[in-house]
Amino acid sequence: MLPPPRVMSAAETLRALVQRGDVRLPVMPSVMVRLQALLEDVDRADARSVAAIVRTEPALAELTLRLANSIAYGGQRPVLELHEAVGRIGLRQVGGLASTVALRGLFHSSHPERAARLERMGQRSLVTAVFASIVPFGTVDAELAYLAGLLHDLGQPLVLKLLEAVEGKRIEPVPDAEVEALIGTLHVELGHRLLVSWRIPDVVCEAVRRHHDANVSDRDALLVRLQAADAFAEREPDQPSSWEHPALRRLALSDADAARLTREVEDRVTLLRCFL
């Protein structure tokens, strides 16, 4: 007598659906594609060419102008032209801003609890991105660090998005406990797969793939920054031990430097949240 066929777990089902192409990974937002291609071309990239792309996304164009005219960017003299706003903020900084805006609109859920969770994920990724870009550790390109922080847990909202496809193929809904297990099991794998398909720079993809690794060399400065940023975003700010996480202790910051860094991250995140 043949044994009964094994029932696939939700994680196996989701992985198989993605591998077969029955469930499609989301495409990279158009504005990210165009800006990434432009910024990689140093001969073409300038404030006017970046502004021409930003102008095609009215919400992003408005945000760029408002941010450039804020006190944080020395907005004493009003900037009215988009290319001047791009020049004031910085070409690659505008690229990071565009990624932040585009990703916020990429994942949605009609399930209220999941929608709230997606919002929390987005807020946490923003904190991680800002911290990773400014923490003083190693020689790291600040905009690549920002991008790594922004994308490091993209697999989590991706799993929630793809979960709807799994639930459409199952009679019963996936229990909350199984949702947690799915995210824990698949978010790094599927997130990395998505970023590779988007042709995100290899150094960022590798940092995302390894951001839970336990054995990381100080030579992997981007990964050290990313792990510290992730720990910072997850910490309990009012707890005295909030900087005791090993990834944060590894930075070897004095109490005064940690306090200054915390204030700077909070100020930058608050500024961005005001405009997003």
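Going by the structure above, here's the rest.
Here the structure is a predicted model, which is why all the values come from computation and not from measurement.

Caption draft 1: Fine view of the packing of helix H7 (residues 112–134) against helix H8 (residues 142–151). Their axes nearest at 7 Å, the elements H7 and H8 cross at an angle of 155°. Our classification of the angle between H7 and H8 gives roughly antiparallel. Where H7 crosses over H8, the two elements pack in a sense that is right-handed. Residues Ser-125, Leu-126, Thr-128, Ala-129, Val-130, Ala-132 and Ser-133 of H7 form the contact with H8, whose participating residues are Ala-142, Ala-145, Tyr-146, Gly-149 and Leu-150. Residues belonging to the contact of H7 with H8 are distributed by class as follows: eight nonpolar, four polar and no charged.

Caption draft 2: Layout of the packing of aromatic side chains. For the structure on display, the rule yields three aromatic pairs. Between Phe-131 and Trp-243, the aromatic rings sit 6.3 Å apart at their centres with planes inclined by 45°, giving tilted as the arrangement. Taken together, the residues Phe-131 in helix H7 and Trp-243 in the loop between helix H12 (221–234) and helix H13 (246–249) connect sequence positions 112 residues apart. Classification of Trp-243 as buried rests on a relative accessible area of 18%. Clustering of aromatic rings is evident, with ring pairs tying together Phe-131, Phe-232 and Trp-243.

Caption draft 3: Inspection of the nonpolar core at higher detail. Counting residues in each nonpolar core, the largest one holds 90 residues, and the members touching the most others are Phe-131, Trp-198, Ile-200, Leu-251 and Val-265. For Phe-131, the residues in contact, after removing those within four places along its chain, are Ala-228, Ala-229, Phe-232, Trp-243, Leu-248, Leu-251, Leu-261 and Val-265.

Caption draft 4: How the structure looks around empty space enclosed by the protein. With the rule as written, the count across this model stands at one cavity of 30 Å³ or more. Of the voids in this model, the largest cavity is the one considered here, and its volume is about 30 Å³. In terms of lining, the largest cavity is formed by Met-121, Arg-124, Ser-125, His-152, Asp-153 and Gln-156. Sort the elements by how many residues they give to the lining of the largest cavity and H7 lands first, with three residues. Here the residues of the lining of the largest cavity sort into one nonpolar, three polar and two charged.

Calculation notes
Residues numbered from 1 in each chain as written. Predicted model: local features only at pLDDT ≥ 70, side-chain atom pairs only at ≥ 80, totals over all residues. Heavy atoms only, no water. Axes fitted to C-alpha atoms, helices over the stretch in contact; angles between N-to-C directions. Helix = DSSP H or I, 4+ residues; strand = E, 2+ residues; numbered from the N terminus. Parallel < 35°, antiparallel > 145°, perpendicular 65-115°, else oblique. Left-handed = near helix turned anticlockwise from the far one by under 90°. Contact = heavy atoms within 4.5 Å. Nonpolar A, V, L, I, M, F, W, Y, C, P; charged D, E, K, R; others polar. Phe/Tyr/Trp six-rings, centres within 6.5 Å; stacked < 30°, edge-to-face > 60°. Buried < 20%, exposed > 50% of the residue type's maximum accessible area, 1.4 Å probe, protein only. Core = buried A, V, L, I, M, F, W, Y, C linked by side-chain atoms within 4.5 Å. 1 Å grid on protein atoms, 1.4 Å probe; cavity = no way out; pocket = protein on both sides within 12 Å on 5 of 7 lines; lining within 4 Å. Points joined across faces, edges and corners; volume = space filled by probe spheres on them.

Treat this as a map of the structure, not an account of what it does.
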